[in-house]
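Given next are the chains, with one letter for each unit.
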Amino acid sequence: LNEFLSALVMDIEFEGRVADRDLLITTASIEATIPFRGKNEKGLWPCDILRTRVVRTNQAFGLRLDEQEIDDAVRSAVTFANRDVRNFAEDDVGRFLDNTWKLLPETNPSLRMSGVYSIVNYRIALQKMEGFLRFLDPQAIFSRFKDVPEEDEYNNLLKLAYRNVEVARDYLGIKLLTAAVLEALARLTGGDAPVSFFMGDINPRETGDRIEDYLPEFSPKKGVRTNETLYNLLAFGRAGASSFDLQNSPLSLFIYSELGSDGYALRLEAAKEMFKGGLNSKDFLDGFPGNLVSAVANACGEMAFTRKEALARQFQPE
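Residues numbered from 1 in each chain as written. Predicted model: local features only at pLDDT ≥ 70, side-chain atom pairs only at ≥ 80, totals over all residues. Heavy atoms only, no water.

A. Just the overall build of the chain, in detail. Along the chain, the regular secondary structure elements total 13 helices and 0 strands. Reading the helices (α) and strands (β) of the chain from amino to carboxyl end gives α-α-α-α-α-α-α-α-α-α-α-α-α. Along the first, second and third principal axes, the C-alpha atoms of the chain reach 80 × 40 × 40 Å. Accessible surface computed for the chain: about 16500 Å², of which carbon and sulfur atoms make up 50%. When the 38 positive and 48 negative side-chain charges of the chain are each reduced to one mean point, those points stand 3 Å apart. (Helix = DSSP H or I, 4+ residues; strand = E, 2+ residues; numbered from the N terminus. Areas by Shrake-Rupley, 256 points an atom, 1.4 Å probe, with all protein chains shown as cover. Lys, Arg positive; Asp, Glu negative; His and termini not counted. Charge placed at Lys NZ, Arg CZ, Asp CG, Glu CD.)

Given below as structure tokens:
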């Protein structure tokens, strides 16, 4: 609908000022920016279908575009559309994640209120983005029509898109798992609360104002498999800060260091079961190593002091 209305407004505003044949070409370029479309049931890519529609429109309105001009119009549309999603082919995965993070407040208005949004609000935002990336086929991100883009360039776009989407899935997954742990702790000790209540303000004034100040020292356990790229993103952060979240992710890093890639994946599935109501909060947390949960609960208790006793009662260290 967004692309349709953009094209409609453009055509109305430029009618009589720009030749109809040129409006057809530019309209085709806007249509091509409808993102993430794979092949249809007949095995045709969107750019192939677009060419057929340009041919029909050209004939219906007698615009006299020849075959070469039609092919060039589709080439231009593909180039334009690929620029629109160029972020998926970032060389630096941190920059890719940075742009992804900027989209979260656009589609989740509650995140625009820094320090006020709740754990559940935050979790839902992450869950929607993680779900989108989990089912996104990187093959459907970039388009190619005949010789545009050139084969080597197109293959490089695909390679980077696959890499970035895979890392982003895991990054969002561990962030979502972290939110699930906080949500479970909150449910068991009084209910949902602002994220800042449990984790502290984004911009702390001094040491002791953030949850990570109360976590034990840690490093990846011997025998625990971790992904170096993901580990560094959690440790050192995305390319830029955001208004609603830290640039780095110390609590997620702690959890990831304890669980590793395999353990995190199993617990994420359990988290999704909890979100659906198929698993209660206590059983979800009981699936983690006891020292991990007690360490997070203790750190949360230092921040959310009105729940410190409840957290201590629920989660005593082994």
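The rest of the description comes next.
B. Representation of the environment of Ser261 in the model. Looking at where Ser261 falls in the secondary structure, it is placed in helix α10 (residues 250-276). You can call Ser261 buried: its relative accessible area is 13%. Residues Ser261 and Ala32, 229 residues apart in the sequence, show an inter-C-alpha distance of 37 Å. In contact with Ser261, not counting residues within four places along its chain, are Arg225, Thr226, Asn227 and Tyr256. A polar side-chain atom of Ser261 sits 2.7 Å from a polar atom in the side chain of Tyr256. (Buried < 20%, exposed > 50% of the residue type's maximum accessible area, 1.4 Å probe, protein only. Contact = heavy atoms within 4.5 Å. Polar contact = N/O pair within 3.5 Å; in protein donor to acceptor, adjacent residues only side chain to side chain.)

C. Region of the structure containing unusual backbone geometry. Of the consecutive residues Val148 and Pro149, the connecting peptide bond is found in the cis state with omega at -10°. Its identity as a non-glycine residue notwithstanding, Phe36 has a phi of 60°, on the positive side. Inspection of the secondary structure puts Phe36 in the loop between α2 (20-32) and α3 (46-60). You can call Phe36 partly exposed: its relative accessible area is 28%. Look at Lys146: it is not a glycine, yet its phi comes out positive at around 55°. The residue Lys146 is located in the loop between α6 (119-135) and α7 (151-188) in this model. For Lys146, a relative accessible area of 48% corresponds to the partly exposed category.

D. Structural view of the packing of α2 against α3. At their nearest, the axes of α2 and α3 sit 11 Å apart, and the two run at 155° to each other. Comparing the axis directions of α2 and α3 gives the class roughly antiparallel. In the packing of α2 onto α3, the handedness of the crossing is right-handed. Taking contact as the criterion, the partners of Leu24, Ala28, Glu31 and Ala32 in α2 are, on α3, Leu50, Arg53, Val54, Thr57 and Asn58. For the contact of α2 with α3, the per-class residue count stands at 5 nonpolar, 2 polar and 2 charged. (Axes fitted to C-alpha atoms, helices over the stretch in contact; angles between N-to-C directions. Parallel < 35°, antiparallel > 145°, perpendicular 65-115°, else oblique. Left-handed = near helix turned anticlockwise from the far one by under 90°. Nonpolar A, V, L, I, M, F, W, Y, C, P; charged D, E, K, R; others polar.)

E. Highlighting the environment of Ser143. Relative to the elements of secondary structure, Ser143 occurs in the loop between α6 and α7. For Ser143, a relative accessible area of 23% translates into the label partly exposed. For the pair Ser143 and Thr79, spaced 64 residues apart in the sequence, the C-alpha separation amounts to 8.2 Å.

F. Structural view of the side chain of Glu3. Assignment of secondary structure puts Glu3 in helix α1 (residues 2-14). Here Glu3 sits buried without a salt bridge, and the closest side chain of opposite charge, Arg37, lies 8.2 Å off (N-O distance). Not counting residues up to four positions away in its chain, the partners in contact with Glu3 are Ile30, Thr33, Ile34 and Pro35. (Salt bridge = Lys/Arg side-chain N within 4 Å of Asp/Glu carboxyl O.)

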